[in-house]
Amino acid sequence: MSQSTARPAAAAGTFDIGGEFTVNRLGYGAMQLTGPGIWGEPSDPAEAVRVLRRAAELGVTLIDTADAYGPFVSEDLIAQALRPYPEDLVIATKGGLTRQGPGLWLPVGRPEYLRQCVEMSLRRLGVERIGLYQLHRVDPQVPLEDQVGVLDEMRREGKIAHIGLSEVSVAQIEAAQAVTGIATVQNLYNLTDRASQDVLDYCERHGLGFIPWFPLATGELARPGGVLAEAANEHGSSPARLALAWLLHRSPVALPIPGTSSTGHLEENLAAAQISLSDEEVDRLTALA
């Protein structure tokens, strides 16, 4: 059995986060391993553990989570399922969003709170250093340099390896980079929503990883008879899987993290790494939105 068959995520190619950690570009997002509204425990905790272990078996080396998922549930499940961690696995977590109930999220970026977030994630994940720690949202009530500054302090203390940002503009990335090195940016981006195109272009120019969240969105583009549906049929694929393949072909710095709570869906998603698209096909799909 070839490596691409046994570990399909490896077919996506690799990216070096912060010039230090080489990861397969098709990762896994652990947000959905929680209850409804990203709140509470999953309905099937055993399946959640199976999904995480299967992701690692299939070549996923980047797992994205956050303390707000559950809250705390996703990080706890990752530790339960995968410790001791594979040497090539990078766990990217986030802090700075507080939870008041299902579907409710409010940013808090006070330095003392962010320091607590990092310390608690270290405990829950059972690691001495977090490979990639991301500011989940910029708190408009706190200067950005203070929010990034405390993360830089913890990086220098050896508790964070690399720092990332989430849902930011190019101007905010540049402001953060004036304080410390930024390794990745995680913004909403998919086949139907390219509002962050300028951010992706910036990341590509400067060698930053770009983590598109909600990568599977296809919307009306997946309607029967449409360009996306026809292209998916040509590849023996689903529209969602083709949308993932498009992201991988769209930019060499794109690191999609499709999430699911099902091992079957996980395997289907990771098969997107094995879809080869021509430049013409990528251009046709790009022109859809």
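Residues numbered from 1 in each chain as written. Predicted model: local features only at pLDDT ≥ 70, side-chain atom pairs only at ≥ 80, totals over all residues. Heavy atoms only, no water.

As recorded in an unreviewed UniProt entry, the protein goes by the name Aldo/keto reductase, listed as coming from Streptomonospora algeriensis.

Right, let's get into the pairing of strand 7 (residues 104-107). Along a regular strand, successive side chains alternate from one face of the sheet to the other. With 3 bridges connecting them, strand 6 (residues 97-101) and strand 7 associate as antiparallel partners. Pairing of Thr-98 across the sheet is with Leu-106, part of strand 7. (Pairing = 2+ DSSP bridges. Helix = DSSP H or I, 4+ residues; strand = E, 2+ residues; numbered from the N terminus.)

Here we take up the environment of Arg-129. Position of Arg-129 among the secondary structure elements: in the loop between helix 4 (111-125) and strand 8 (130-135). Among the residues examined, Arg-129 registers a relative accessible area of 40% and is labelled partly exposed. Remark: the alpha-carbon pair of Arg-129 and Asn-187, spanning 58 residues in sequence, is separated by 24 Å. If sequence neighbours within four positions are ignored, Arg-129 has contacts with Glu-20, Phe-21, Leu-122, Gly-158, Lys-159, Ile-160 and Ala-161. Within the structure, the side chain of Arg-129 is placed 3.0 Å from the side chain of Glu-20, a separation counted as a polar contact. (Buried < 20%, exposed > 50% of the residue type's maximum accessible area, 1.4 Å probe, protein only. Contact = heavy atoms within 4.5 Å. Polar contact = N/O pair within 3.5 Å; in protein donor to acceptor, adjacent residues only side chain to side chain.)

Our focus in this paragraph is the UniProt feature "domain: NADP-dependent oxidoreductase" (unreviewed entry) in the protein. The feature "domain: NADP-dependent oxidoreductase" (unreviewed entry), as given by UniProt, occupies residues 25-288 in the numbering adopted here. Helix makes up 40% of residues 25-288 and strand 16%, and the two end C-alpha atoms of the span are 24 Å apart. (UniProt positions renumbered as here; feature names shortened; annotations may be inferred.)

With that settled, consider unusual backbone geometry. Across the junction of Gly-70 and Pro-71, the peptide omega takes the value -15°, indicating a cis bond. You can see Pro-71 is positioned in the loop between strand 4 (62-64) and helix 3 (73-82). Positive phi outside glycine occurs at Glu-167, with the angle close to 55°. If you trace the backbone, Glu-167 turns up in the loop between strand 9 (160-166) and helix 6 (170-177). Unlike most non-glycine residues, Phe-214 shows phi in positive territory, near 60°. Using a relative accessible area of 52% as the deciding quantity, one classes Phe-214 as exposed.

One way to put it is that helix 3 packs onto helix 4 with a least axis distance of 8 Å and a crossing angle of 35°. On helix 4, the residues touching Glu-75, Asp-76, Ile-78 and Ala-79 of helix 3 are Ser-121, Arg-124 and Leu-125. For the contact of helix 3 with helix 4, the per-class residue count stands at 3 nonpolar, 1 polar and 3 charged. (Axes fitted to C-alpha atoms, helices over the stretch in contact; angles between N-to-C directions. Nonpolar A, V, L, I, M, F, W, Y, C, P; charged D, E, K, R; others polar.)

Looking at helix 10 (residues 263-270), one finds that the buried residues are Leu-266, Asn-269 and Leu-270. Buried positions in helix 10, seen along its axis, are confined to an arc of 90° and lie on one side of it. Two or three places before Gly-264, at the opening of helix 10, Ser-262 has a side-chain oxygen 3.2 Å from that residue's backbone nitrogen. (Arc of directions from axis to C-beta.)

Within the secondary structure, Arg-99 sits in strand 6. Here Arg-99 sits buried without a salt bridge, and the closest side chain of opposite charge, Asp-67, lies 8.4 Å off (N-O distance). In terms of polar contacts, Arg-99 uses its side chain to reach the backbone carbonyl oxygen of Gly-37, at 3.0 Å. Within the structure, the side chain of Arg-99 is placed 2.6 Å from the backbone oxygen of Leu-104, a separation counted as a polar contact. Not counting residues within four places of it along the chain, the set of residues in contact with Arg-99 comprises Gly-37, Ile-38, Trp-39, Ala-68, Gly-70, Pro-71, Leu-104 and Trp-105. (Lys, Arg positive; Asp, Glu negative; His and termini not counted. Salt bridge = Lys/Arg side-chain N within 4 Å of Asp/Glu carboxyl O.)

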